[in-house]
Amino acid sequence: MSDQNRLGVFKTYKLYVGGKFPRSESGRVYEVTDSKGQWLANAPQSSRKDARDAVVAARKAFGGWSGATAYNRGQVLYRVAEMLEGRKEQFVREVAASEGLSKSKAAAAVDAAIDRWVWYAGWTDKIGQIAGGANPVAGPYLNLSTPEPTGVVAVLAPQKSSFLGLVSVIAPVIATGNTAVVIASADAPLPALSLGEVLATSDVPGGVVNILSGVTAEIAAPLAAHQDVNAIDLTGADAELAKELEIAAADNLKRVLRPQPVDADGASDSENWLASPGTHRLTAFLETKTVWHPTGALGAAGSSY
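Description of the structure in this document.

Scoring rules and cut-offs
- In this numbering scheme, every chain counts its residues from 1 along its sequence in written order.
- Totals for whole chains, interfaces and linings use every residue, but because this is a predicted model, local features are given only for residues with pLDDT of at least 70 and side-chain atom pairs only at 80 or more, for both listing and counting.
- As a rule here, side-chain values cover all heavy atoms of the structure and leave hydrogens and water aside.
- What counts as a helix is a DSSP run of H or I of at least four residues, what counts as a strand is a run of E of at least two, and both are numbered from the N terminus.
- The atom set for the radius of gyration is the C-alpha atoms, and the globule formula is 2.2 Å times the number of residues raised to the power 0.38.
- In this scheme, a residue with accessible area under 20% of its type's maximum is buried, one over 50% is exposed, and one in between is partly exposed, where area comes from a 1.4 Å probe on protein chains only.
- Whether two residues touch is decided by their heavy atoms; if any such pair falls within 4.5 Å, the residues are in contact.
- We get accessible surface area from the Shrake-Rupley algorithm with a probe of 1.4 Å; when it comes to residues, only the shown protein chains can shield them.
- Charge counting treats Lys and Arg as positive and Asp and Glu as negative, with His and both chain ends excluded.
- To locate a charge, the coordinates of NZ of Lys, CZ of Arg, CG of Asp or CD of Glu are taken.
- As used here, the term nonpolar core means buried Ala, Val, Leu, Ile, Met, Phe, Trp, Tyr and Cys residues forming a set that is joined through side-chain atoms within 4.5 Å.
- We call two N or O atoms a polar contact when they sit within 3.5 Å, provided that within protein one can donate a hydrogen and the other can accept it, with sequence-adjacent residues counted only if both atoms are side-chain atoms.
- Inter-axis angles, ranging from 0 to 180 degrees, are taken between N-to-C directions of lines fitted to C-alpha atoms, where helices are fitted over the stretch in contact.
- Each angle is binned into one of four classes, with values under 35 degrees roughly parallel, values over 145 roughly antiparallel, values of 65 to 115 roughly perpendicular, and all other values oblique.
- A crossing counts as left-handed when the near helix is turned anticlockwise from the far one by less than a right angle, and as right-handed when that turn is clockwise.
- Each residue gets one label: Ala, Val, Leu, Ile, Met, Phe, Trp, Tyr, Cys and Pro are nonpolar, Asp, Glu, Lys and Arg are charged, and the others, such as Gly, are polar.

Points about the overall build of the protein
Secondary structure assignment for the protein yields 10 helices and 12 strands. The C-alpha atoms of the protein give a radius of gyration of 21 Å, which matches the 19 Å a tight globule of 305 residues would have. Reported as C-alpha extents along the three principal axes, the dimensions of the protein are approximately 90 × 40 × 35 Å. The 305 residues of the protein split such that 48% are buried. Within the protein, counting contacts between residues at least 6 apart in sequence, those at least 24 apart form 76% of the total. When the accessible area of the protein is evaluated, it comes to approximately 14,500 Å², of which 54% is carbon and sulfur surface. Within the protein, one finds 28 positive and 31 negative side-chain charges whose respective centroids are separated by 4 Å.

Structural data, given as structure tokens:
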């Protein structure tokens, strides 16, 4: 059969929940267009039920993921970077179309995103030395503080930086042992949904990252109020929505990360995603556990154990 008579196979984008690729429970989809208004694909429009299902999957995966060694999590994250490198051309096309960038600028953004993933992979077994330590106490005790993951984190991805910003908010959450429910950029969800395919074919256990697409406010509201969500990152929310979500999150004392300042459009995308990320996103969703351990009486001749 000649190529001119062949019908191309259109890509069907789906959600990524619990390691699987469901369509939205509502059956709804919405059109995703490029910067010039040209149709790119239909993306699933997630419902509140999809959000709740994603939380269930994230909670189920939390025990195994948080219980893995930090070194092992680093290996898993590095494997994701390897897979992204192999599919770089696809992400360059999607980022260029989604953000209206030239191919060279889109390639630079994708390269930076892959490098960012590697950077966070290297921090998994080091952040404990930064965020924890031995505390001096007056008495025959060892007093140690160690960081532990908060739990299930809802993440509102940046609205404008569809891939580099996305990676910059997902990777630190899971690097420290949390699990994530991610709301992709409403206007540019395709790189996020494709990232789900990469995660599914890497070593990341199902449920560690769950990716939803649709109307940000509609999906974020049930997540902010959900009693089994432990923290929320409001990067992709405008000022008005962020305030509403903060109020809802207070009901079960969620940790809230609200980047400042917002830009003229009201979204927190004024952050320079190409800048060095530092460690603040790694520590934003960590709890500190302090343990006292008796060492015995200290005498003139030395320690007694």
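That shown, we press on.
Structural notes on the nonpolar core
Counting residues in each nonpolar core, the largest one holds 61 residues, and the members touching the most others are Trp-117, Phe-163, Ile-174, Val-182, Leu-199 and Ile-211. It is helix α6 (residues 164-175) that provides the largest number of residues to this core, a total of 9 residues. Excluding its chain neighbours within four sequence positions, the residues that come into contact with Phe-163 are Leu-84, Phe-91, Val-95, Glu-99, Val-110, Ala-113 and Pro-191. Residues Val-55, Ile-183, Leu-241 and Leu-245 belong to the second largest nonpolar core, which totals 25 residues.

Focus on the side chain of Thr-235
As for its placement among the helices and strands, Thr-235 is situated in the loop between β8 (231-233) and α9 (239-249). Classification of Thr-235 by relative accessible area gives buried; the value is 0%. Within the local environment of Thr-235, its side chain forms a polar contact with the side chain of Asp-233, the two groups lying 2.6 Å apart.

Thoughts on the packing of helix α1 (residues 48-67) against helix α8 (residues 216-225)
Remark: α1 packs on α8, axes separated minimally by 9 Å, with the N-to-C direction vectors making an angle of 45°. In terms of their interaxial angle, α1 and α8 are classed as oblique. Here the hand of the crossing between α1 and α8 comes out right-handed. Residues Arg-48, Ala-51 and Val-55 of α1 touch α8, and the partners they reach there are Glu-218, Ile-219, Ala-221, Pro-222 and Leu-223. Its residues assigned to classes, the contact of α1 with α8 comprises 6 nonpolar, no polar and 2 charged.

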